[in-house]
Amino acid sequence: MRTQICIIGGGPSGLLLAQLLHRVGIASVVLERRSRAHVLGRIRAGVLEWGSVELLRLAGVGARMDAQGHVHEGIYLASRNKGFRIDFKKLTGKSVMVWGQTEVTRDLYEARDAAGDPVICGVEGVAPHDLDSDAPYVTYTLDGAEHRIDCDFVAGCDGFHGPSRQAIPAEVLREYERVYPFGWLGILSETPPVSDELIYANHERGFALCSMRSDQLSRHYLQVPLGDRVEAWTDSAFWEELRRRIPTESAEALVTGPSVEKSIAPLRSFVAEPMRWGRLFLVGDAAHIVPPTGAKGLNLAFSDVHYLHDGLTRHYQGDSRALDSYSERALARVWKSERFSWSMTTMLHRFPDGGGFAQKMQDSELAYLEQSTAAQTALAENYVGLPF
Ligand code: RFL
Ligand code: PHB
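My aim in this report is to walk through the structure given alongside it, one point at a time. (Residues numbered from 1 in each chain as written. Chains lettered and ligands numbered in written order. Predicted model: local features only at pLDDT ≥ 70, side-chain atom pairs only at ≥ 80, totals over all residues. Heavy atoms only, no water.)

1. A look at the environment of Ile168
Link 1 in the chain: Inspection of the secondary structure assignment puts Ile168 in the loop between helix H7 (163-166) and strand E13 (174-189).
Link 2 in the chain: Sequence-wise, Ile168 and Leu48 are 120 residues apart; in three dimensions their C-alpha atoms are separated by 30 Å.
Link 3 in the chain: Once you skip the residues sitting within four places of it in the chain, Ile168 turns out to touch Leu173, Pro274, Trp277, Leu280 and Leu282. (Helix = DSSP H or I, 4+ residues; strand = E, 2+ residues; numbered from the N terminus. Contact = heavy atoms within 4.5 Å.)

2. Comments concerning the pairing of strand E1 (residues 5-8)
Link 1 in the chain: Alternating positions in E1 separate into two faces, Ile5 and Ile7 on one and Cys6 and Ile8 on the other, with burial throughout.
Link 2 in the chain: Here E1 pairs with strand E2 (residues 28-32) via four bridges, running parallel. Looking across to E2, one finds that Ile7 is bridged to Val30.
Link 3 in the chain: For the handedness criterion, the β-α-β arrangement of E1, helix H1 (residues 12-23) and E2 is classed as right-handed.
Link 4 in the chain: Bridging between E1 and strand E12 (residues 153-156) involves four bridges; their strand directions are parallel. Its bridge partner being in E12, Ile7 is matched across the sheet by Ala155. (Buried < 20%, exposed > 50% of the residue type's maximum accessible area, 1.4 Å probe, protein only. Pairing = 2+ DSSP bridges. Right-handed = clockwise from strand over helix to strand, strands pointing away.)

3. Overview of the site of ligand 1
Link 1 in the chain: Close to ligand 1 lie 29 residues; Ser13, Glu32, Gln101, Asp285 and Leu298 are nearest.
Link 2 in the chain: In this structure, Ser13 approaches ligand 1 through a side-chain N or O atom, which is 2.6 Å from an oxygen atom.
Link 3 in the chain: Protein contact buries 87% of the 1000 Å² of open area that ligand 1 shows by itself.
Link 4 in the chain: Contributions of two or more residues to the shell around ligand 1 are made by H1, E2 and helix H10 (297-316).
Link 5 in the chain: Considering every element that reaches the shell around ligand 1, the biggest residue donor is H10, with three residues.
Link 6 in the chain: Tallied by class, residues from the shell around ligand 1 come to 11 nonpolar, 10 polar and eight charged. (Near = heavy atom within 4 Å. Polar contact = N/O pair within 3.5 Å; in protein donor to acceptor, adjacent residues only side chain to side chain. Areas by Shrake-Rupley, 256 points an atom, 1.4 Å probe, with all protein chains shown as cover. Nonpolar A, V, L, I, M, F, W, Y, C, P; charged D, E, K, R; others polar.)

4. Some remarks on the packing of helix H3 (residues 50-58) against H10
Link 1 in the chain: Two elements in contact, H3 and H10, have axes separated by 9 Å at closest approach and are oriented at 50°. When the axis of H3 is compared with that of H10, the two are oblique. For H3 against H10, the interelement crossing comes out left-handed. Across from Ser52, Leu55 and Leu56 in H3, the residues of H10 making contact are Asn299, Phe302 and His306. (Axes fitted to C-alpha atoms, helices over the stretch in contact; angles between N-to-C directions. Parallel < 35°, antiparallel > 145°, perpendicular 65-115°, else oblique. Left-handed = near helix turned anticlockwise from the far one by under 90°.)

5. Some details on the site of ligand 2
Link 1 in the chain: What surrounds ligand 2 is a group of 14 residues, the closest being Tyr200, Ser211, Arg213, Tyr221 and Pro292.
Link 2 in the chain: One of the backbone nitrogen or oxygen atoms of Arg44 is found 3.4 Å away from an oxygen atom of ligand 2.
Link 3 in the chain: One nitrogen or oxygen atom from the side chain of Ser211 is found 2.6 Å from an oxygen atom belonging to ligand 2.
Link 4 in the chain: Contact with the protein chains removes 96% of the 280 Å² of surface that ligand 2 exposes when unbound.
Link 5 in the chain: Secondary-structure elements contributing two or more residues to the shell around ligand 2 are strand E15 (208-214) and strand E16 (217-225).

Read these as spatial facts, not as claims about activity.
Shown next, in the form of structure tokens:
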């Protein structure tokens, strides 16, 4: 088989890239290791920057988001069970959209079907070849049969554990990493959200986050030690601990119920440079990971998609300059989001070796934020998303 762009990975970045390319007449094939049901069953991101919202509209998959998503004009930050609000709309003129990654992915799969280009799911042994030549190709196995796709370029949209990043020679690849000494225990429950906007809470027992998916679906997280096992956390233990960490009036209003999903995710900051090698482009989690505290992972994947889609479109129109500068353009934004995600994580979590000094720094940073419009504006402009 021959195509223009072979996309490895049918997560949100691979699917959105395929859809945007389709809209400008560039052919692609998406290869996904898992089943469609597995990809659609993963509970992940919940907050879209406005740039991501507009990119989804541009891709022609914004209708359900616009009808059912919730526009949020601010968030609450809390310290020692007392909250205050950051008003994004007033400070930056922008908002965010609360609309789950699961829903975004579902719409993108359906758009691939409608285009007559369904994602090839369940592939094994995907391997890119000759990436430093003019004739790259990708091989894989499906139902025991070997396949080969010849292409102009390969887009590595295969997440943190995929094969694309590994295809870059060790002497070229530079990796920067910070692993945090705790994880997030998340639950999804069919209960109304405790607040009209998200609550990010700093507490001496650890961080907590109250988020949501809809009027009847809540998503909550607790900072937990790395060694904790999800089976050891009963629903009632979760709710009790959440109540202790969030603002008092929210704890009193909290409606609890059985969890419909529960999982623990480790927290990590990671960047791989460069994001291009030969005819391979890394996109999204394949190139970088952020801790979820800034709600940036999916949004950063989408900004990479924006740069790559723009570069490829111009390349096929005869101008390769934007494609040639993909890595530099994408990384400039990646590092700013890494910085924001790291600073939100540092400000809001309890670090095991932090001691009294770290706690005083957090207290004074939150007090400064509560009082200073300048500090709030800096947080707000990063949270709603820096321009592409
Ligand atoms: P994905 O979603 O990991 O998709 C990669 C796809 O590649 C497939 N794959 C392969 N396919 C073929 N052959 C192989 N050898 C392959 N190896 C892997 C995988 O099966 C998969 O389908 O990466 P992508 O597309 O770059 O998207 C990135 C986002 O998923 C991720 O950044 C966000 O979910 C991060 N994230 C959040 N981001 C936000 O912007 N806002 C949030 O509020 C937010 N909350 C979160 C999050 C991530 C979380 N977890 C569990 C990681 C909350 C959590 C708890
Ligand atoms: C979520 O709703 O899953 C969510 C929201 C905000 C974050 C992280 C996760 O910062």
